[in-house]
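Each chain, letter by letter, is given below.
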Amino acid sequence: MITNYQSQSKNKEIKNSGCYFYCLIVAANRNPEEAETLYSSMIEKGFMKNDCYILDPCKILSELTNQNYKVINSKNYDQKAEIKIAKWHNPKTGYSHFVLMKNETEVLFDSFGHSNTVKNGFIESWRLFYRI
């Protein structure tokens with residue numbers, strides 16, 4: 001069953017722009033429903049802004065997994081990356097949306113369930129995470 005976590009969020013900021021945050025939570029093998037409770041602590045620690053803009057994705061992952069990561073923002077996919085988050089863009093709407101990818105073409109987790117941006121867009125860039 002596909003769940004639309006983002007639209008169901010009670011937090012306006014998570015609902016509007018929490019997709020990258022959800023991807024990091026799920027990549028850390030945590031329940032996406034934890035976004036509501038993790039939100040404030042990630043802001044307090046300086047890892048994220050109130051509007052869910054991610055300032056330090058590696059520190060969020062480290063906090064959730066007790067492991068260290070480095071991230072590379074890239075236009076190119078790398079299958080060697082342990083965590084692959086794609087930034088999709090829909091040219092018709094102008095919206096962008098982050099989703100956790102299984103590989104270069106398969107979505108592993110989409111916080112909207114099946115987003116219009118992924119359905120009608122293209123991958124604009126990658127956030128590739130490597131354990132260090």
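Look up a bit, the structure's there.
Residues numbered from 1 in each chain as written. Predicted model: local features only at pLDDT ≥ 70, side-chain atom pairs only at ≥ 80, totals over all residues. Heavy atoms only, no water.

## Topic: the environment of A28
Okay, step 1: Mapped onto the fold, A28 is located in the loop between α3 (19–27) and α4 (35–44).
Okay, step 2: Residue classification places A28 among the buried residues on the basis of a relative accessible area of 9%.
Okay, step 3: Along the chain, A28 and E63 lie 35 residues apart, while their C-alpha atoms are 9.3 Å from each other. (Helix = DSSP H or I, 4+ residues; strand = E, 2+ residues; numbered from the N terminus. Buried < 20%, exposed > 50% of the residue type's maximum accessible area, 1.4 Å probe, protein only.)

## Focus: the side chain of S125
Okay, step 1: Along the polypeptide, S125 turns up in strand β5 (residues 122–131).
Okay, step 2: Judged by relative accessible area, S125 falls into the buried class, the value being 9%.
Okay, step 3: Of the polar contacts made by the side chain of S125, one reaches the side chain of R127; its length is 2.8 Å.
Okay, step 4: In contact with S125, other than residues within four places in its own chain, are S74, I85, A86 and K87. (Polar contact = N/O pair within 3.5 Å; in protein donor to acceptor, adjacent residues only side chain to side chain. Contact = heavy atoms within 4.5 Å.)

## Thoughts on helix α5 (residues 57–65)
Okay, step 1: Those residues of α5 that fall on the buried side of the exposure criterion are P57, C58, I60, L61, L64 and T65. Projected down its long axis, α5 shows its buried positions confined to an angular sector of 160°, all on one face.
Okay, step 2: Buried positions along α5 lie against α3, α4, β1 (69–74), β2 (83–89) and β5.
Okay, step 3: In the segment just after α5, N66 is the residue with positive phi, at about 60°. (Arc of directions from axis to C-beta.)

## So, the pattern of salt bridges
Think of it this way: side chains of opposite charge can pair up when their charged atoms draw near.
Okay, step 1: If you walk through the whole model with that rule in mind, you get six salt bridges.
Okay, step 2: Note that K12 is salt-bridged to E13, the shortest N-O span being 3.8 Å.
Okay, step 3: Relative accessible area serves as the criterion here: at 56%, K12 is assigned to the exposed category.
Okay, step 4: For D56, the salt bridge goes to K59, with nearest N and O atoms at 3.8 Å.
Okay, step 5: For K59, a relative accessible area of 45% translates into the label partly exposed. (Salt bridge = Lys/Arg side-chain N within 4 Å of Asp/Glu carboxyl O.)

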